[in-house]
Every structure is written in C-alpha cells, then in structure tokens.
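Residue strings, one per chain:
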Amino acid sequence: GVLFQPELFDVNGDGLPDILLSFTALKNASVLGVSKPWVTLMALSGMNGSTLWSSHVPEDIRSVQCKGLALVSSAEPVCLVTGVSKFLSLLLASSGEPIWTLNRSHLPSETLASPAVTVPDVDGDRVSDLVILALGKTKTDLYFILVSGKSGIPVGGSVKYSVNGNGNLIGPQVHITSHGAIYILFGFGNVQAVSLRDIFAQARNHDSFPPGLQQEEPEWEKLRSFNLSELIGIYSEGVEFLQTVRSPDGNCSDLLITTKHGLTLLRGQDLKPHWTLEQQDIDSQPSPGYFNDDLALDFMIQAQSGNSIMKKVLVVDGKSGLPVWSYELLCHMKKSDVLSVMTLDRKSIFLFWANEKQALLKSLEPSPRVHHLYLLHPAFPTVLLDLSNTTGTVTASSIGINDLQKDAFYITVTTSPTSEHQPGFLSVSKLRLRWALMTQSQVVPLQEAKLRVSQGELRRLLSRIKFTDFTHKF
C-alpha cells in the first residue's frame, strides 16, 4: 500500500523532478514460509522511471518531504522521512543515506501522529528545527517534541497537552502571523493553536527566548480562554481538513477550514470568518488555484456521499465564497484527490478523476470500471479534456513541473485489483500534460453551447500552455 502523495524532487541534479515513494510488500520469512511486511523507500528517475536508489525502512512511511528544507548547514539537498510509529530520519536526497535518525527511546510510550513540521531555528545553530506531534497511550494526551534539524536530538523535553475533540487528527501546521508570532495549529476534529514560545518555554524550562520567538500576536492572544489556558480555540468541531492559503491583500496567510458541511475561510490576522459556503459531503481536500482574474486563490472541491455514485465538482470563488463553476459526474472511485497547476499567465488548470460522462447507463456493468482523468481550464469552462484512463485503483497522485520545458506532468500510483490469494501490483505512471493535450485528449462538452473554436484548435491552443512551479502557501 501507499500512504502519501509521491514527493517530486530532483535528487540526481538533472533538472527534472524525480519521484520518491514508499510501499509495503510481503516478503517470505524463513519460518514456515510466513510472509512479513517489507517496507521500501524508493527514488525513481523522472526521466525514465529507473530506480535511482532504494532502502529498507523499519515501518510504513507517512510522509517524505524534500522541498524547502533548511535542516543542514550545507547546500546538499535532503529529505525528511516520517513513519507511522517511531521512525523519523533525515536522508541525503541523492543517495537515501541517513544523516541522522531520531533515537526511538525519545518516544518510549508515544507514537508519531503526523508528519514532522519545520520551524525557525530555536536552538541557536542557524539551522531550521522541527516540531513533532506524538500520541500518548490515550487519545486525549498529545506531546509536542522540539527536534534539532541539524542533529536529530530533541531540544529539551516533551510537552504534554490534554485535548478534547472527536474526529480526524488535524495538523500540526505552522502559522506565522504578520507580526512574526509563530503558532502550531492542531486538534481532533477541531482546530486549536499553541504558541511555539509556550512549547519552547516548557521544553527548556525557562523563559529566555531565541530571536525567532520574541513576538506575540495580540489578536490571537485575546482568544485564550478565561483561565489563561495555553491553547487557543480557533474552530470548534467537525473539521476534516485545514489549509493555510496565501492572502491576496496582506502579508499573512489565511486559514481554509473544510468540514463535512462546507468551507470557511478565516482571516489569518484576527481569525474572523471572511466567508462560509454550505456544501454537504465534501470528501477530499480543496485544491487551491486561480480560476478567475481577481488574484485571489479559488478552490476546487469534490462532494460525494458514501452511498452515491454521482460526484459533484465545484470551483469556489476565493473572494466571495460563492460557486463559480460546478458539474456532476458519475464516479465509482472514492476519495481521489483534485490537483491544480499554474500557467505562466497566472491561471490554474484543475485535474480530477471520474467515470465516463456518458457512462450512467453502463454503471450497472460489472468491473473493471474505467476511471478517467479530466482537465478543466478556466478559459474553457463549458468543456472538460479527458486526458487518460485506468482500470486500476488510484491510490496516490502528484503533479510536477519540468522547469526547462515549462511543461507539467502528472504522476499516478495505481494498484491492480487483488484476488483473495494474490497480492495486487503497484504501478507508477507519468503523463506529460502538453503531450496528452495534443495527442490523446478527448474534448467532453458539458452543455449544448457551441465552442468558439473547433475541438482540434482547442487541443492545439491548450497544448501550447506553459506551466510554472508556484506554491499557494507560505
């Protein structure tokens, strides 16, 4: 199985992002032919798919992060690998060789709850550090541990918080306010915040702060409960996803909160709602991108109830919170991601999976069903482009940029259907978007309105798009 989106990062220096992923297979043990899990971390060439390096790791991997890490003093690119239990390691991106691995004795009865997050230097070695969130023996006990990015050694002791809430673990995520105050956002089905200053003070047991932790945020501090609890309540219940998104009119990111019942955008400066959209059954994380020309990030969302074969896809205007595009499609694949990629003219194209538009009458046919990858371009909102299809189950996907050619590519990880006695096959494929648009895409009209250009001309126009790498978050 695969637990996370493949990380796309140039590990061999050829200018093209490579593909880092982890998978679990069954390996025969010597005792009576018993199979045991064997977890492999692997880097595949973005050029031709060959294996650049691979290594065995002791547990399933929750996350691989390579972009934007400043955890070593040299310029050598590195990757941070977080497991599902106690494994945390910093690797050389070029070889997979470990630089350091967290000693498991620092998590005697706790398990890692989520990927580690990077924070500004707290131990004075001029290298960014890490915050890890660990679960105790009961769900209500959470522990924050500061870890040196340079050495992998904890900075002080663990800091325990008892939290209430029901639902998915949210975060942790780092939020830096316009005054430079640093908060860690987390919760169970809710969103709470704790100041990194508070974590540091308790971990080190003193109140002398490094330069990066000198600031507090008055608007946030007002929200502490009356008993001066260290936790700040931000959103009370029902939270499925939390994202920080770039604000178009300030130097602080805003917070997009997704619940089963809708979306709310909170202003990052004072945490007041900017807008709220009611929409039931949102089942994947919204994908930010630019659909219109107002320079505010918009969001594509998918909504599908558990017993429905119809999926609603919407684009929500980032300024008003109102839907600006929507369509319903048949979809037998559950929980697939929406991805977006930006073009040089500051528009975004959005990609998502669904079944064939004309396939409603075929929906009762036996498997294997064919899943289609659709592309929406905001300049042509009355059509979708059908780029590719698969009969496998899409377990993960990522989108990357070939910066030299200004092209984008879509990575799909699929598993073949499994029988009772045979494990399925894992497949990794790469689709170049401009090539697909020009040579194999099918234009799917969404309404009777006539296109301004022919279908062939539309494909030619879209195949000339130039893509750029752009992050929507701080």
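As the structure is a prediction and not an experimental result, all values here were calculated from the model. (Residues numbered from 1 in each chain as written. Predicted model: local features only at pLDDT ≥ 70, side-chain atom pairs only at ≥ 80, totals over all residues. Heavy atoms only, no water.)

A.B. asks: Looking at this structure, how should I read the pattern of salt bridges?
C.D. replies: Once their charged atoms are close, side chains differing in charge can pair, the charge on each being opposite to the other. Overall, the coordinates contain 10 salt bridges when judged by the stated rule. Residue Arg104 pairs with Glu59 through a salt bridge whose shortest N-O separation is 3.7 Å. In this pair, Arg104 is assigned in the loop between β8 (98-101) and β9 (111-112) and Glu59 in the loop between β4 (51-57) and β5 (61-65), connecting sequence segments 45 residues apart. Using a relative accessible area of 7% as the deciding quantity, one classes Glu59 as buried. (Salt bridge = Lys/Arg side-chain N within 4 Å of Asp/Glu carboxyl O. Helix = DSSP H or I, 4+ residues; strand = E, 2+ residues; numbered from the N terminus. Buried < 20%, exposed > 50% of the residue type's maximum accessible area, 1.4 Å probe, protein only.)

A.B. asks: Would you explain helix α1 (residues 196-204) in this entry?
C.D. replies: One turn of an α-helix holds 3.6 residues; hence residues three or four places apart share an orientation. The element α1 is largely enclosed, with a buried count of seven among its nine residues. Every buried residue of α1 is accounted for by Leu196, Arg197, Asp198, Ile199, Phe200, Ala201 and Ala203. Tucked into the core, α1 has its buried residues touching β10 (117-119), β11 (129-135), β12 (141-147), β13 (159-162), β15 (182-188) and β16 (191-195). Between a side-chain oxygen at the N-terminus of α1 and the backbone nitrogen of Arg197 the separation is 3.0 Å; the capping residue is Ser195. Positive backbone phi, at 60°, marks Asn205, one or two positions downstream of α1. (Contact = heavy atoms within 4.5 Å. Polar contact = N/O pair within 3.5 Å; in protein donor to acceptor, adjacent residues only side chain to side chain.)

A.B. asks: Looking at this model, I keep getting lost on the sheet that holds strand β17 (residues 231-235). Mind explaining?
C.D. replies: Hydrogen bonds between backbone atoms are what pair the strands of a sheet, whose relative direction is either parallel or antiparallel. Spatially, β14-β15-β16-β17 is the arrangement adopted by the four strands of the open sheet, whose pairing is antiparallel. Looking at strand neighbours, the two that pair on one side only are β14 (169-176) and β17, the edges of this open sheet. Averaged over all pairs of adjacent strands, the angle between strand axes in this sheet comes to 25°, irrespective of strand direction. Direction of pairing for β15 relative to β16: antiparallel, over a ladder of four bridges. By the bridge assignment for β16, Ile184 is matched with Val194. (Pairing = 2+ DSSP bridges. Axes fitted to C-alpha atoms, helices over the stretch in contact; angles between N-to-C directions.)

A.B. asks: Explanation requested: the sheet that holds strand β6 (residues 78-83) in the structure shown.
C.D. replies: Taken together, four strands build an open sheet; the order of strands is β5-β6-β7-β8 and the sheet is antiparallel. In this open sheet, the two strands that pair with only one neighbour each are β5 and β8. Across this sheet, the average inter-strand angle for adjacent strands is 15°, counted without regard to direction. In terms of strand pairing, strand β7 (residues 88-92) meets β8 through three bridges, oriented antiparallel. Each residue of the ladder has a partner; that of Leu91, found in β8, is Pro98.

A.B. asks: Would you explain the environment of Pro218 in this entry?
C.D. replies: Counting through the fold element by element, Pro218 comes out in helix α2 (residues 218-221). On the basis of relative accessible area, Pro218 is assigned to the partly exposed category, the value being 47%. For the pair Pro218 and Asp469, spaced 251 residues apart in sequence, the C-alpha to C-alpha distance is 35 Å.

A.B. asks: How do you make sense of the side chain of Glu110 when you look at a structure like this?
C.D. replies: Along the chain, Glu110 turns up in the loop between β8 and β9. A distance of 3.4 Å separates the side chain of Glu110 from the side chain of Ser109, its partner in a polar contact. Dropping the residues within four chain positions of it, Glu110 is found in contact with Lys86, Ala134, Leu135, Gly136 and Tyr143.

Distances and angles like these do not, on their own, reveal function.
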